[in-house]
Amino acid sequence: RKCARPPRRSLVAREVSPSLLSPSPLNNMVSVTSTTVDTGDTAFMIVSMALVMFMTPGLAFFYGGLVRQQNVLTIMMQNFVCMGMVTMIWVLWGFSLVFGNSGGLMGDPGSFAMMKNVLGTPLRSYVDGQTASDAYWDMTIPGLVFAGFQGMFAVIAPALMTGAFADRLLFRPYLLFIFLWVHLVYFPWANWIWGPDGWIGKEGVFDFAGGIVVHCTAGFSALATVVALPHRKKIEGDVDTDPHNIPFVALGTGMLWFGWFGFNAGSALGANATAATAAMNTEIAASVALFTWMCVEWKHKGKPSLVGACVGTIAGLATVTPAAGFIRPWGAVIIGVVCAPFCYTIMEVIKKKLDLDDALDVFAVHGMGGYLGTILVGCLARSSVGAPHYSAKLFGKQLIAASGCAVYSFVVGFGLIKGIGAVMPLLPDKDMIFAGLDVSVHGESAYKEGSSSGKVVNPLKANNV
């Protein structure tokens, strides 16, 4: 019987000898070391699945608080609809495209179509249409739980991009863009790194919980949409970029931070030492990044802001994601200290210098945060936690993979926006913008006329209303 890494991660969920972590020709084989369900691992992973699901509503509140009040429901709807559409795709064929038997560029869409052969037992391998009854992936959770957990990642990845083109993309082209993007960007990269036959994973590239698969893909495709779409100044003239509801931003940050424990710790695929490492590193990196960002902003702008502290927290969470289970806690401190000024500089200096209209800084925080964290795996990973040990070779592989993902995601994202724009309108007209996208596109308003919320665009500007 041949043992290999599990399909989701580049190291097994349970502790293993470091000698087993190096890439080998056996990596495309399935493991037969686990055929029974562990109730503790299963309970942990069901909770982790729920936590990651909770992140998408958290993202909706985070983004919703940052945009203008007349567009808050629009961006929240863009986030929530991902839960519906992407989950349907995932159940029908998406899970198979990522984790099915090799079908060429991706997995065979028929392997687990409509959750076929995905049961309450560990996921089996199906070779040439025949059940290999004694061949199981190396996990101790039901296949249904694994599929559900993975599906939550597929849901939130496209939702991350909505902050980049906030206030200026109609709902119909948005739906088409998301549909095409998950098939052309998310599913391929998830398969290539996490799939049982993933060729990038076989080359020794490590991504613990989605630095490449989630944050680089979404962040650099978000940048592409910003470049492809006209600047809001050309559409509206003066643009009010102040958050309309800062408590929403804080609430969303708390929900995301809470859910991120499932995102990272759950990526160990069991209640084990790796999960404990990932959970602690998640807390440390987020906390350190929050405080560091606050200090940097305080020095740069003269005052520390709650919005800045929240954005710094998200930067820390995004950056530690690819390394969460591979580093010691001191490595998480380094990530928090480094990512805050790095992402802040991109957001406050480079973005403004290039006049990029990334409305909610998706590229700076998620794209470059995930990129930085992926590269830092090559510097900070330690075999003492059951991870690949840092080396110049590993650093080079991580750099090449992250850069390749960045270029690919940007090119495909740009092409999708331009292609969709050729067949249908992308942008709302001036009358729709003036009325607000909530009313003109969805027929709803977040705040009723006559309410205090409806009268005040920004609490800081209350005296001017």
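Residues numbered from 1 in each chain as written. Predicted model: local features only at pLDDT ≥ 70, side-chain atom pairs only at ≥ 80, totals over all residues. Heavy atoms only, no water.

**Describing unusual backbone geometry**
- Positive phi, normally seen in glycine, also occurs at Asn117, with a value near 70 degrees.
- For Asn117, the location among the structural elements is in the loop between α2 (72-99) and β1 (124-127).
- Judged by its relative accessible area of 26%, Asn117 is partly exposed.
- Here the phi dihedral of Asp167 falls at roughly 80 degrees; this positive angle occurs in a residue that is not glycine.
- In this structure, Asp167 sits in the loop between α3 (143-160) and α4 (171-194).
- Taking relative accessible area as the criterion, Asp167 reaches 9% and is therefore assigned buried. (Helix = DSSP H or I, 4+ residues; strand = E, 2+ residues; numbered from the N terminus. Buried < 20%, exposed > 50% of the residue type's maximum accessible area, 1.4 Å probe, protein only.)

**Details of the packing of α4 against helix α13 (residues 392-421)**
- Between α4 and α13, whose axes approach to 10 Å, the crossing angle comes to 160 degrees. Taken together, the axes of α4 and α13 lie roughly antiparallel to each other. Seen from above, α4 lies across α13 with right-handed handedness. Mapping the contact onto sequence places Pro173, Leu176, Phe177, Leu180, Trp181, Leu184, Val185, Pro188, Trp189 and Trp192 in α4 and Ala401, Gly404, Cys405, Tyr408, Ser409, Val412, Gly413, Leu416, Ile417 and Ile420 in α13.
- Partitioned by chemical class, the residues of the contact of α4 with α13 number 17 nonpolar, 3 polar and no charged. (Axes fitted to C-alpha atoms, helices over the stretch in contact; angles between N-to-C directions. Parallel < 35°, antiparallel > 145°, perpendicular 65-115°, else oblique. Left-handed = near helix turned anticlockwise from the far one by under 90°. Contact = heavy atoms within 4.5 Å. Nonpolar A, V, L, I, M, F, W, Y, C, P; charged D, E, K, R; others polar.)

**Points about the layout of surface pockets**
- In this structure, the largest pocket occupies an estimated 1000 Å³ of space.
- Considering the residues around the largest pocket, the lining is formed by 41 residues, among which Thr241, Pro243, Glu348, Ala359 and Asp361 are closest to the centre.
- Partitioned by chemical class, the residues of the lining of the largest pocket number 20 nonpolar, 6 polar and 15 charged. (1 Å grid on protein atoms, 1.4 Å probe; cavity = no way out; pocket = protein on both sides within 12 Å on 5 of 7 lines; lining within 4 Å. Points joined across faces, edges and corners; volume = space filled by probe spheres on them.)

**Points about the side chain of Gln398**
- Along the polypeptide, Gln398 turns up in helix α13.
- Residues contacting Gln398, with those up to four places away along its chain left out, are Gly204, Val205, Phe206, Thr374, Ile375, Val377 and Gly378.

**Description of the pattern of salt bridges**
- Counted according to the given criterion, the structure contains 9 salt bridges.
- Put simply, Glu348 and Lys301 hold a salt bridge, and the shortest N to O gap is 3.1 Å. Here the residue Glu348 occupies a position in helix α11 (residues 329-354), and Lys301 occupies one in helix α9 (residues 273-301), the gap between them amounting to 47 residues.
- The salt bridge partner of Glu348 is Lys352, with a shortest N-O separation of 2.9 Å. Of this pair, Glu348 and Lys352 are both found in helix α11, 4 residues apart, which corresponds to roughly one turn of the helix. (Salt bridge = Lys/Arg side-chain N within 4 Å of Asp/Glu carboxyl O.)

**Considerations on α3**
- A rise of 1.5 Å per residue sets the reference length of α3, with its 18 residues, at 26 Å; its end C-alpha atoms lie 27 Å apart and thus fit the reference within 8%.
- In terms of burial, α3 is largely enclosed, as 17 of its 18 residues are buried. (Expected span 1.5 Å × (residues − 1).)

**Some remarks on the environment of Val239**
- With respect to the helices and strands, the residue Val239 is situated in the loop between α7 (232-236) and α8 (246-265).
- The contact partners of Val239, leaving out residues within four places of it in the chain, are Arg232 and Lys233.

**Describing the confidence of the model for the protein chain**
- Averaged over every residue, the pLDDT of the protein chain is 88; residues scoring 70 or more account for 86%.
- Note that pLDDT drops below 50 for residues 1-33; the model gives that stretch 98 contacts with residues more than four away or on any other chain.
- For the stretch residues 127-136, pLDDT sits under 50, and the model shows 22 contacts to residues farther than four places along the chain or on other chains. (pLDDT = per-residue confidence, 0-100.)

**Overview of the environment of Met161**
- Mapped onto the elements, Met161 comes out in the loop between α3 and α4.
- For Met161, a relative accessible area of 0% puts it in the buried group.
- Along the primary structure Met161 and Gln78 are separated by 83 residues, whereas in three dimensions their C-alpha atoms are 9.8 Å apart.
- Once residues lying within four places of it in the same chain are set aside, the contact partners of Met161 are Phe177, Ile178, Trp181, Ala218, Ser221, Ala222 and Val362.

**Let's talk about the packing of helix α10 (residues 306-320) against α11**
- Two elements in contact, α10 and α11, have axes whose closest approach is 9 Å; the angle formed by their N-to-C orientations is 115 degrees. Both α10 and α11 take part in a crossing whose hand is right-handed. Contacts from Val311, Ala315, Gly316, Thr319 and Val320 of α10 reach α11 at Ile335, Cys339, Cys343 and Met347.
- Looking at side-chain class alone, the contact of α10 with α11 contains 7 nonpolar, 2 polar and no charged residues.

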